[in-house]
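The primary structure of each chain is shown beneath.
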Amino acid sequence: IIIVINYELADSRLYPIFQNLSPQVRNIRRTTPYTRSLQQSSEFVPSYTIDEGFSPINLLSPYDNRWKIEALVVTKSSIKYWQKFDGTGRWFTVVLSDSSGDIRATAFGQQVDEFYDKLQVGKLYEISKAKVNPANKKYSSLKNDYELIIARETIIREVLDKDSSNFMAFNFVKISDLIEYEKDDIIDVVGFVINVSDIQEITTKSRRNVNKRGITIIDQSKHQVALALWGQQAEKYDNSLLHQVIACKNVRVGDFQGRNISLVIDSFLIIDPNIKEAKELRDWYNLHGSHSTFTSLNVSKFMMQYGDDIKTLEQAKCERLGQDNNVDFFVIMATILFIKKGVFTYPACPTCYKKVIKNNNNEWQCGKCSQSYHEPEHRYLMTVSIADFTGYTILTFFNETAASIMGNEANELIRLEEENE
């Protein structure tokens, strides 16, 4: 017989195991996840409250099937189809949220017919008797080790008498702090939209065409970052986002030319959410932000970050920096030996920056955007040879970098050439 008194569990998800061991187990104190690793921090305060009779989403585990959650549907996929050698099937997913966290739920077969129309984004539900399985991280970006399978015995009932805004949990990152995060990290961000671009059709590495829309957001850190919307999200959100406060959950960090963020399959975006952070951002923008200058999280920001990490060309070669499909940021001090002769600018589409060609109507035609322009936007594409005391190498400078070297934008250089100046 084992009697445990005043025992504190390091992981609250183990609570159901101890609860079911024996009536002799007493006084087990439930703690919120990560409390032990953060309990020395004065800044850590568990922020969620769950009504009595319900389990927090972040405490669900396969070891206890007597749970019931109260959760908000924040995203819902379309009905998808799969085909294997032994048959075909249908499935869809939803992301459920309460004030403790998020979890993905998937329905197959007959449950698609039963629950697809019933589960609506923005509505609140009581859910019980779904299966708790380990999450397949290949298909989910949520910070949850488990996911739900909606089964035949699953019970789902809509809740009509509660405020759904209390069922969203955010852990916002300041835009200026994105420099501290690695590629593919998943974060939450709140920002004020200052620019919305038109939809572009992008061809992926798998040769699939997908729509993309870029927006630019700012916050009180006086930094700005590009947020990419893909597919249906790019079509759903348009210029109406301009000058709105948006909260984005589960967005993925990218490292192309610095830092950027993207909505992914489990991300969701809320316009003007009823939360404190959104109100504070709106008030700040009205008082100060509308006439502030913002720093972009581009490569120059990274040069400031890694300014002390100066490499020679020989060191960069030996350490294989920038090779093997890796993206590395470092600083070199070198001299430009020569710029490749010939054309080092090209006529570009003002929207997508792809090369444009003059058509029979004396207009510049973009094959990607299917648009015609009276004048192109000239951009640099410059090949140079550089050297330091350890060796030399060849680099390609793109538009912004080449402009800083030449002292003029490409359009101005073309004008001077045409006017023989």
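One can find the structure itself at the top, above this paragraph.
Note that the coordinates shown come from a computational prediction; the quantities given were computed from them, not determined experimentally.

A. Up close: the sheet that holds strand 21 (residues 364-366). Spatially, three strands are ordered 20-21-22 in an open sheet, and the strand pairing comes out antiparallel. Two strands in the sheet have a free side with no partner beyond their single neighbour: strand 20 (357-358) and strand 22 (371-373). Sheet topology places strand 20 next to strand 21; two bridges connect them, and they run antiparallel. Bridging from a neighbouring strand, Ile 357 pairs with Gln 365 of strand 21.

B. Representation of the sheet that holds strand 24 (residues 382-388) in the model. Ordered in space as 18-24-25, the three strands form an open sheet in which the pairing is antiparallel. At either end of the open sheet lies a strand with only one pairing partner, and these are strand 18 (335-339) and strand 25 (391-397). Mean inter-strand twist for the sheet, computed between neighbouring axes without regard to direction, equals 30°. Bridge count for strand 24 against strand 25 is seven bridges, and the pairing is antiparallel. For Val 384, the partnering residue across the bridge sits in strand 25 and is Leu 395.

C. Broad picture of the environment of Leu 381. As for its position among the elements, Leu 381 is in the loop between strand 23 (377-380) and strand 24. Among the residues examined, Leu 381 registers a relative accessible area of 40% and is labelled partly exposed. Separated by 20 residues in sequence, Leu 381 and Thr 401 place their C-alpha atoms 9.6 Å apart. If sequence neighbours within four positions are ignored, Leu 381 has contacts with Phe 344, Thr 345, Tyr 346, Thr 396, Phe 397 and Phe 398.

D. Layout of the packing of aromatic side chains. A complete count under the given rule lists six aromatic pairs for this structure. Between Phe 92 and Tyr 116, the ring centres sit 4.9 Å apart and the planes meet at 90°, which makes this aromatic pair edge-to-face. One end of the pair, Phe 92, is in strand 3 (residues 87-98); the other, Tyr 116, is in the loop between helix 3 (110-115) and strand 5 (124-128), and 24 residues separate them in sequence. Look at Phe 92 and you get buried, because its relative accessible area is 0%. Ring centres of Phe 170 and Phe 268 lie 6.2 Å apart, and the angle between their planes is 55°; this geometry places the pair in the tilted category. Of this pair, Phe 170 sits in the loop between strand 8 (155-159) and strand 9 (186-196) while Phe 268 sits in strand 14 (residues 260-271); the two residues are 98 residues apart in sequence, bridging distant segments of the chain. Of note, Lys 76 hangs over the ring of Tyr 116, and the distance from its end group to the ring centre comes to 4.0 Å.

E. Up close: the nonpolar core. Judged by nonpolar contacts, the single largest core of 24 residues is most densely connected at Ile 69, Phe 92, Leu 96, Leu 119 and Leu 148. Elements with a minimum of two residues in this core: strand 1 (68-76), strand 3, strand 4 (101-108), helix 3, strand 5 and strand 7 (146-150). In this structure, Phe 92 is in contact with Lys 76, Ser 77, Ser 78, Ile 79, Ala 105, Thr 106, Ala 107, Gln 111, Val 112, Phe 115, Tyr 116 and Leu 119, ignoring residues within four places of it in sequence.

F. Structural detail: the environment of Tyr 146. With respect to the secondary-structure elements, Tyr 146 resides in strand 7. Separated by 44 residues in the primary sequence, Tyr 146 and Asp 102 have C-alpha atoms spaced 9.9 Å apart.

G. How the structure looks around unusual backbone geometry. Positioned with a positive phi, His 243 is a non-glycine residue whose angle comes to about 65°. For His 243, the position within the fold is in the loop between helix 4 (232-236) and strand 13 (245-254). For Asn 250, which is not a glycine, the phi torsion comes out positive at approximately 60°. Assignment of secondary structure puts Asn 250 in strand 13.

H. Local environment of helix 9 (residues 410-418). Residues Ala 410, Ile 414 and Leu 416 constitute the buried set of helix 9. The arc enclosing the buried residues of helix 9, seen along the axis, measures out at 160°, which places them on a common side. Those residues of helix 9 that are buried are in contact with strand 19 (345-348), strand 23 and helix 8 (399-406). Asn 420 occupies a position one or two residues after helix 9 and carries a positive phi of about 55°.

I. View of the environment of Gly 231. Secondary-structure assignment places Gly 231 in the loop between strand 12 (223-230) and helix 4. Measuring from C-alpha to C-alpha, the distance between Gly 231 and Lys 212 comes to 6.4 Å, with 19 residues separating the pair along the chain. In this structure, Gly 231 is in contact with Val 210 and Asn 211, ignoring residues within four places of it in sequence.

J. Geometry of helix 5 (residues 276-287). For helix 5, with 12 residues, the first-to-last C-alpha span of 17 Å sits near the 16 Å given by 1.5 Å per residue. Turning to helix 5, its buried residues are Ala 278, Leu 281, Trp 284 and Tyr 285. An end-on view of helix 5 places all buried positions within 130° of arc, on one side of the element. Exposed and facing more than 90 degrees away from the buried side of helix 5 are Lys 276, Lys 279 and Leu 287.

Thresholds, definitions, all that
Residues numbered from 1 in each chain as written. Predicted model: local features only at pLDDT ≥ 70, side-chain atom pairs only at ≥ 80, totals over all residues. Heavy atoms only, no water. Pairing = 2+ DSSP bridges. Helix = DSSP H or I, 4+ residues; strand = E, 2+ residues; numbered from the N terminus. Axes fitted to C-alpha atoms, helices over the stretch in contact; angles between N-to-C directions. Buried < 20%, exposed > 50% of the residue type's maximum accessible area, 1.4 Å probe, protein only. Contact = heavy atoms within 4.5 Å. Phe/Tyr/Trp six-rings, centres within 6.5 Å; stacked < 30°, edge-to-face > 60°. Lys NZ or Arg CZ within 6 Å of the ring centre and 35° of its normal. Core = buried A, V, L, I, M, F, W, Y, C linked by side-chain atoms within 4.5 Å. Arc of directions from axis to C-beta. Expected span 1.5 Å × (residues − 1).

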